[in-house]
6 protein chains.
Amino acid sequence: MPIFDKELPDLEAYKPEREEQPDFDSFWTATLDEARQHPVDARFEPVDALLSTVDVADVTYRGFGGDEIRGWFVTPHGADGPLPCVVEYIGYGGGRGLPHQWLLHASAGRAHFVMDTRGQRGGDTPDRDPYPTTPSYPGFMTMGVESPETYYYRRLMTDAVRAIDAARTHPLVDPAKIVVTGGSQGGGLALAAGGLASDVVGVISDVPFLTHYRRAVDVADDGPYPEIKWYLRDRRGRVEETFKTLSYFDGVNFAARCAGSGLISVGLLDNVCPPSTVYAAYHHYAGPKELRVWEYNKHEGGANYQQAEALRFLKDLLG
Amino acid sequence: MPIFDKELPDLEAYKPEREEQPDFDSFWTATLDEARQHPVDARFEPVDALLSTVDVADVTYRGFGGDEIRGWFVTPHGADGPLPCVVEYIGYGGGRGLPHQWLLHASAGRAHFVMDTRGQRGGDTPDRDPYPTTPSYPGFMTMGVESPETYYYRRLMTDAVRAIDAARTHPLVDPAKIVVTGGSQGGGLALAAGGLASDVVGVISDVPFLTHYRRAVDVADDGPYPEIKWYLRDRRGRVEETFKTLSYFDGVNFAARCAGSGLISVGLLDNVCPPSTVYAAYHHYAGPKELRVWEYNKHEGGANYQQAEALRFLKDLLG
Amino acid sequence: MPIFDKELPDLEAYKPEREEQPDFDSFWTATLDEARQHPVDARFEPVDALLSTVDVADVTYRGFGGDEIRGWFVTPHGADGPLPCVVEYIGYGGGRGLPHQWLLHASAGRAHFVMDTRGQRGGDTPDRDPYPTTPSYPGFMTMGVESPETYYYRRLMTDAVRAIDAARTHPLVDPAKIVVTGGSQGGGLALAAGGLASDVVGVISDVPFLTHYRRAVDVADDGPYPEIKWYLRDRRGRVEETFKTLSYFDGVNFAARCAGSGLISVGLLDNVCPPSTVYAAYHHYAGPKELRVWEYNKHEGGANYQQAEALRFLKDLLG
Amino acid sequence: MPIFDKELPDLEAYKPEREEQPDFDSFWTATLDEARQHPVDARFEPVDALLSTVDVADVTYRGFGGDEIRGWFVTPHGADGPLPCVVEYIGYGGGRGLPHQWLLHASAGRAHFVMDTRGQRGGDTPDRDPYPTTPSYPGFMTMGVESPETYYYRRLMTDAVRAIDAARTHPLVDPAKIVVTGGSQGGGLALAAGGLASDVVGVISDVPFLTHYRRAVDVADDGPYPEIKWYLRDRRGRVEETFKTLSYFDGVNFAARCAGSGLISVGLLDNVCPPSTVYAAYHHYAGPKELRVWEYNKHEGGANYQQAEALRFLKDLLG
Amino acid sequence: MPIFDKELPDLEAYKPEREEQPDFDSFWTATLDEARQHPVDARFEPVDALLSTVDVADVTYRGFGGDEIRGWFVTPHGADGPLPCVVEYIGYGGGRGLPHQWLLHASAGRAHFVMDTRGQRGGDTPDRDPYPTTPSYPGFMTMGVESPETYYYRRLMTDAVRAIDAARTHPLVDPAKIVVTGGSQGGGLALAAGGLASDVVGVISDVPFLTHYRRAVDVADDGPYPEIKWYLRDRRGRVEETFKTLSYFDGVNFAARCAGSGLISVGLLDNVCPPSTVYAAYHHYAGPKELRVWEYNKHEGGANYQQAEALRFLKDLLG
Amino acid sequence: MPIFDKELPDLEAYKPEREEQPDFDSFWTATLDEARQHPVDARFEPVDALLSTVDVADVTYRGFGGDEIRGWFVTPHGADGPLPCVVEYIGYGGGRGLPHQWLLHASAGRAHFVMDTRGQRGGDTPDRDPYPTTPSYPGFMTMGVESPETYYYRRLMTDAVRAIDAARTHPLVDPAKIVVTGGSQGGGLALAAGGLASDVVGVISDVPFLTHYRRAVDVADDGPYPEIKWYLRDRRGRVEETFKTLSYFDGVNFAARCAGSGLISVGLLDNVCPPSTVYAAYHHYAGPKELRVWEYNKHEGGANYQQAEALRFLKDLLG
């Protein structure tokens, strides 16, 4: 995998025009209003995960369309104060898995709310889809892409915003200290949630996916972006309509609405979420921000070293 | 690709026990009864496909759950007699495409009814799914596999039976002379339709898919069967339950219920629909039957030569 | 497969200098004169292909060197008027196959003459080669490339011109209404035939091969063009001599001699016949012309959608 | 990846003869005696890993040849009793990484000692090699394989035994409650340590590597075992001598010496550590034992589900 | 590449029935008689290859059909006695190349006659083919395979026998001391020449190709054998006819006619010329023989170590 | 493999700034001084390689750190005068192998000294490493790369210079007529030896490796350069330090110190040692020089044709 995207100096200057429809904000306001007509109804059932330094709860709350969304809520054992809360979203194809996978943030003394991903493997949340399932390329990138209303990520991004609402209902959570986080798809959701819930104080978005689709489709040759290309290969003639739909779900547009402190990371050899697409989002990010560049890494980015960055960033931000 | 399945003499003797639940027939009777509570409501709209030797109609009828299913109906231009009708199903991921792709059977003087595939690419029929979409491996092999009631192929196989019903409503069609046909997924659907609509006079099933799942998962290393393996990789502990669901949709069990004349084909180097899975279906096929073996072919099987076989078979069967 | 050739705006402006030897026209005049010293001697033997809306004949005629070339001739059943005739050439490695593969144009009311490809798989025409077979890379791209006289495509392109001559001898064919067509190698042959038989009224060339060799070798990484690179890898020192030979068979040069109406198609992600090589031919095409761009397609181009374009184009052109 | 190793019933009966030299025990007694002439000199330096529910120490102790070996020691914050201790070894190519990667066992209330891997990537421990480095295939499988004395794994397995000695020197550790664990290479080291330190009470060996080499080389087609094949490809004529060396480091032989309770896992489609090699070790395992079979998994085995099994196993064993 | 052919004990017992037509000998007698109607007309032109310890001549002689075949003839500088002569044939796709590639045997004090390969890359000998070139899979395995008379290897094997005749005309060559040699295709040609010219005193055949075709096609998954499978994939229905043609060119049948001392080598992991096909030839070899087994090698076999074996074998045989 | 590096006109103008530390020369002076404190102690043991036109000796001499280095010394049989001597270095992963592999230069009347490669496969020379082996990516590119003192190539390049010293001790060698040569890694070592032993009269460096590392890592996608990328992927944060170490071993810097006549070759499609890295070295080469460009070749470059070039170059240079 030799260098395949722009050279570093060009990346550092890369701030493309945003593709954004005039009704972007009204679309999302309407979408969230509709979701909030259902009470969030967050329930936290204690789970015995055979752990002793942390407490675990099995979470259910209501996301898009009032659908039941699952999650885990992990806190330091016996905590009683209001805690800052890290709300985490998960990478493409994954799910909430098992509680002992999510020890990092509670071990650092914070509440940790992990949202399951509807319909994706490795989780427990079905995607209750009230719409006809039009032909799409296997995978989620083009599920319902024929309109913003029916697109899969409309549902998932709404779930992501409602996860914040749900977390804030828990008595241990300090509602003023929410940070959203995630890598890849989770990083794209963190940008979306950070842009739509502009009162979160921090956004950690590692090697984010779901940004700057048009370039991503030209450059990425692994991971889910090519699903769009394959879809357009079959569905000849829907190019502009498709990119128009995608623009409502573009991290570049969400970044421009984020007010919290941002920590974004990028792998310069990432052929799944190419660096130019990440730089585009970073340069449009509206809040205070820092970028962590991993020079010779692909989509793994900083991996555990990036986690150390996140712990440091959270400590600086939240104490 | 060296030989990877059984040797030819072993294939010729291979008739494994069927995995079949006691309520197999009642499950399907109930399923079809339910579908037939919706009137089939077949509509045939003439289409100008810029062709002159054949007439084309755009078909809509009601399949599983009363959902609207699309298709093409192609007949020799100006035909007026009752014609034998070939009902065709399509391979995995495909769809009805455009009318001029379907000239073979009408050019041979028969009516040709091509069923679109709900939810798959290349077609125009959405999969209106009233059930929650539980996490599945991208693709259709495991969509709803947690129970026979929710499995994707329950809907698609019901559509296939209803396509016969729909074809029979057309005045040009001789309802006593229906032959079902298809290759790969289409071949699996032909076996299903032939077994569930036992009054069809012929079943042409080329390199059929959707048969003898348990062995298929062990042997196939390309095509859709591995989706089952990947699903079981994530969903540890659901092995028996999954194969139980699949048994309701197994071509081996449908073949044992087919009464029409059968023409089945197999590629001895087919690593998508391995020969042992096809021989298993062939050996259980209940009606008069012939097998066309393509010795050094993979999943392409006989391709255009198999089409010539089909024309010959149809002429022998229908005149 | 990310974008690997020029960006769209650069493609739209790409009209490279032609590499053309001064004796290009005299070379081809001499070649065709020599071929025409053999009577074309077209014979049309009726074949029972089990079809009823079309009539099929097994064609034999004399091509380059008087060699016997095979083909199919398909017409609407019982046609009696002079019909426009579509002369079709076939993609690399293929052959005339079986008659029922060729139903499209006769079903649209035209005569259809399908030329077999000498020496290639899937056909019935040997390449009677009176020259020593010098070492070449397996495949046809470098067979006899040491001189224009001995190059394989000299023989095949001459066959292509003679196929038009042969078609015109049939009483059902209107000799003033010949259109040549084909995809990939067939598209390259269509350009060649259209340039060398400038009285054909139409040229349909889909994702054409055999154009702008020098760039093709630099850019294509799949399909037959790399055979040239592999040959030059073994035959060090023959670079310029080889490209000089190829220039006599370059679709760019033929396009500049085409007078009929042209319909050319291109896939912007085609790594077999890269878009820059197709745009080069298109921009040099001398007759009235249109270009059909398939934005996210590889070498499959428009596939069945391109066929629909062709039917529309033929109707506009021929009525 | 279709089934490539023995079928399940054959695996369940597979207990091959051990390849074991008569001086196996004396070789290891001498090796460990020599290592123990260096004081273990375990030092535990507190580290601020920005975590609050657990305490972390950076460990240094003396392994083979008195070389300094690194590790992490993680305990529940503020623990004061004697705790059971899980000693963990790491997979091929990895290293101790960063402390926050190792939260599982301390979060379950136990001490966790993580041994770094000398010379492998991702860690901080060099392989101080006092011997000439004879030509080997890149990687560790054949480094010094010309004799048992010089083989890389002699040093690493000795380190693994000394890690137990080191852990026992910590005041928080209950020396009677040591469990060794690891996956892949770590699982092979756990078997080695469990066989050489027969007073450990438990051995958790997931998808173990370093067992039954001769068959492994015939069957594995991914991962490090093929390094042996590649070495023998270059070093023609050293086949028997090489397998003799490897026999001193074979998990089958160590398993036969394990007295603690064993939990072994296997993936039936694992082409890195093929199931027959794991069953061979399991069937020779001398202590009480259980096997966890992951039917459709490759080398990932049970992954997080296997961790849940381990927590359950540890609770049963240690309370 | 795990073990894919028979296990070693089965290989050591593997002596399949020969597939041999009754007119095998008369076919070859007629073929060679016909070739010998052309005088061999060997010419040896001195070449200045900038070498001093050996003398080089550029050879031309007449092979099959009297065609001019090229070669190199290399001898120790200033030799004057009658020398034993090693006649060498070359692997698939190669050719005689340049003289300084062929220093081994002359440096050991023998005459070395290297035959170029007609029509293949890397050489200088065209394949003057008087027959129509029927469609074949690119490559040589199926060129003219529709009959023994037209098959490519009839020409090449005749060239190989005539190379011996040509070598014997040189005054430096002791005609009673000819050894034929080669690897892969060259090894197959050595068996052919050794069987057809039964007065050669030695046959060195390394990892021979062109033996036991039917099994080779089932087992080989790299190299040229799959060309036969690909051909049969296109040319459905020619299976038995094709294997009948190939039987006239099968090293198993030639081996049964070899009287000279044989040295054969095999790589047990060779997926180009699988071990069972080599053992089949070895077990039918009629003369005194030895087999050199390279246990963990693929098609490279013994490489330079096998050359050392050859030097040793030649010294034992020839002094 | 389409064109992936700069276009030819850009290559012909490409002379990047050298990355060279101020103490480059003093580092090497100190390194060589230290090595020369050990007597070179070259021993030449006659070997019977079953050859008669050349004599072979098994060489041992002392290289870096006084370590014993092996080699072959091949001379025309019975030579007695002082001969020019070609000192040859070997490609990555290889070794001195067997004597009969090295016949070219002695057959051309020169002495030939072949240096084995310490620690690499295919040879007989261990890498006696007195330093701790810090974690590196498998392979040699990053072994000890944490400092110039510990880097593997410091030892190997010193061996290369000492090989010249050793050759000069042989009575048959004319010490004023040393030419260093090699391909790939051997070509990199030839540049190093030519730059550090500036009294050699010729440097033949084919498709050289070990030059212009920073660009090589960006462009090469096969061969050993990517080991550096993989190392930096794991060892985040060591980018500049690593390239600083590598600069002491960069062929660009050695080329600038070469005074002998240079023959350098390059393959324009070489993705192992990309053309821009070779042009960089060529343009900095200080002595008289010529470049041999192989236009359509990858890393094989000119292969046997390049050997012919070398024989011609040596004759011109040495007579």
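Rules used throughout
Residues numbered from 1 in each chain as written. Chains lettered and ligands numbered in written order. Predicted model: local features only at pLDDT ≥ 70, side-chain atom pairs only at ≥ 80, totals over all residues. Heavy atoms only, no water. Contact = heavy atoms within 4.5 Å. Buried area = accessible area lost by both parts, 1.4 Å probe. Salt bridge = Lys/Arg side-chain N within 4 Å of Asp/Glu carboxyl O. Polar contact = N/O pair within 3.5 Å; in protein donor to acceptor, adjacent residues only side chain to side chain. Helix = DSSP H or I, 4+ residues; strand = E, 2+ residues; numbered from the N terminus. Buried < 20%, exposed > 50% of the residue type's maximum accessible area, 1.4 Å probe, protein only. Pairing = 2+ DSSP bridges. Axes fitted to C-alpha atoms, helices over the stretch in contact; angles between N-to-C directions. Least-squares fit on C-alpha atoms with pLDDT ≥ 70 in both. Phe/Tyr/Trp six-rings, centres within 6.5 Å; stacked < 30°, edge-to-face > 60°. Lys NZ or Arg CZ within 6 Å of the ring centre and 35° of its normal.

1. A few points about the interface of chain A and chain D
Next up, step 1: Across the contact, 23 residues belong to chain A and 23 residues belong to chain D.
Next up, step 2: When chain A packs against chain D, the two sides together hide about 1900 Å² of surface, and 65% of this comes from carbon and sulfur.
Next up, step 3: Linking chain A with chain D are zero salt bridges.
Next up, step 4: On inspection of chain A and its partner chain D, the count reaches twelve residue pairs in polar contact (both at pLDDT 80 or more).
Next up, step 5: Breaking the side of chain A that touches chain D down by element, the ones donating at least two residues are helix H3 (104-107) and helix H11 (303-318) of chain A.
Next up, step 6: Ranked by residues supplied to the side of chain A that touches chain D, first place goes to H11 of chain A with seven residues.

2. Considering helix H8 (residues 239-247) of chain D
Next up, step 1: When we look at burial in H8 of chain D, the residues that qualify are Val239, Thr242, Phe243, Thr245, Leu246 and Ser247 of chain D.
Next up, step 2: Here the buried face of H8 of chain D lies against helix H2 (24-36), helix H6 (213-219), helix H7 (226-234) and helix H9 (251-255) of chain D.

3. Overview of the sheet that holds strand S1 (residues 43-47) of chain B
Residues and elements named next belong to chain B.
Next up, step 1: Read from one edge of the open sheet, nine strands run S1-S2-S3-S5-S4-S6-S7-S8-S9, paired in mixed fashion. With one partner strand each, in any of the chains shown, S1 and strand S9 (289-294) form the two edges of the open sheet. The sheet shows a mean angle of 20° between the axes of neighbouring strands, taken without regard to direction.
Next up, step 2: One ladder, built from four bridges, connects strand S4 (residues 83-89) with strand S5 (residues 111-115); its direction is parallel. Counted as the bridge partner of Cys85 is Ala111 from S5.
Next up, step 3: Its contacts with the sheet put helix H10 (residues 275-284) on strand S8 (261-267) and S9, and the angle it makes with S8 is roughly 165°.

4. Some words on the interface of chain A and chain C
Next up, step 1: The interface of chain A with chain C comprises ten residues on the first partner and 14 residues on the second.
Next up, step 2: Buried area between chain A and chain C, summed over both chains or domains, comes out near 1100 Å², and the portion from carbon and sulfur atoms is 53%.
Next up, step 3: When the buried surface of chain A facing chain C is broken down by residue, Asp218, Arg233 and Arg236 of chain A rank first, second and third, together holding 58% of it.
Next up, step 4: Linking chain A with chain C are one salt bridge.

5. Here we look at the relation of the copies chain A and chain D
Related by rotation about an axis and a shift along that axis, the two copies of the chain form a pair.
Next up, step 1: In the superposition of chain A on chain D (RMSD 0.0 Å, axial shift 0.0 Å), the rotation amounts to 180°. Read as a symmetry element, the transformation amounts to a two-fold axis.

6. Thoughts on the packing of aromatic side chains
Next up, step 1: Under the definition given, this model contains 114 aromatic pairs over all chains.
Next up, step 2: Between the aromatic rings of Trp28 of chain F and Phe249 of chain F, the centroid separation amounts to 5.6 Å while the plane-to-plane angle is 80°, which identifies the pairing as edge-to-face. Of this pair, Trp28 of chain F sits in helix H2 (residues 24-36) while Phe249 of chain F sits in the loop between helix H8 (239-247) and helix H9 (251-255), placing them 221 residues apart in sequence.
Next up, step 3: We classify Trp28 of chain F as buried; its relative accessible area is 1%.
Next up, step 4: Phe249 of chain F gets classed as buried once you look at its relative accessible area, which sits at 0%.
Next up, step 5: Across from the ring centre of Trp294 of chain D, 5.5 Å away, lies the NZ or CZ of Arg236 of chain B, which sits over that ring.
Next up, step 6: Sitting over the ring of Tyr282 of chain C, Lys289 of chain C keeps its end group 4.9 Å from the ring centre.

7. Remarks on the sheet that holds strand S9 (residues 261-267) of chain D
Residues and elements named next belong to chain D.
Next up, step 1: As summarised here, the arrangement of the nine strands in space is S1-S2-S3-S5-S4-S7-S8-S9-S10, forming an open sheet in which the pairing is mixed. The open sheet terminates on both sides in strands that have one partner only, identified here as strand S1 (43-47) and strand S10 (289-294). Put simply, the sheet's adjacent strands are angled 20° from each other on average, direction ignored.
Next up, step 2: Summarising the sheet, S1 and strand S2 (residues 54-62) pair through five bridges and their orientation is antiparallel. Across the sheet, residue Val47 finds its bridge partner in S2, namely Val56.
Next up, step 3: Each of S9 and S10 touches helix H10 (residues 275-284); the most contacted strand, S9, lies at about 165° to it.
Next up, step 4: Strand contacts of helix H11 (residues 304-318): strand S4 (83-89), strand S7 (173-183), strand S8 (202-206), S9 and S10, with the helix running at about 170° to S9, the strand carrying the most contacts.

8. Regarding the pairing of strand S8 (residues 261-267) of chain A
Residues and elements named next belong to chain A.
Next up, step 1: Within S8, seven of the seven residues are buried, which leaves it mostly tucked inside the rest of the structure.
Next up, step 2: Going residue by residue along S8, you find Ser261, Leu263, Ser265 and Gly267 tucked away on one face and Gly262, Ile264 and Val266 tucked away on the opposite face as well.
Next up, step 3: Of the strand pairs in this sheet, strand S7 (residues 202-206) and S8 are connected by five bridges, and their pairing is parallel. For Asp206, the partnering residue across the bridge sits in S8 and is Ser265.
Next up, step 4: Relative to strand S9 (residues 289-294), S8 is paired through six bridges, and the arrangement is parallel. Note on S9: the bridge partner recorded for Val266 is Val293.

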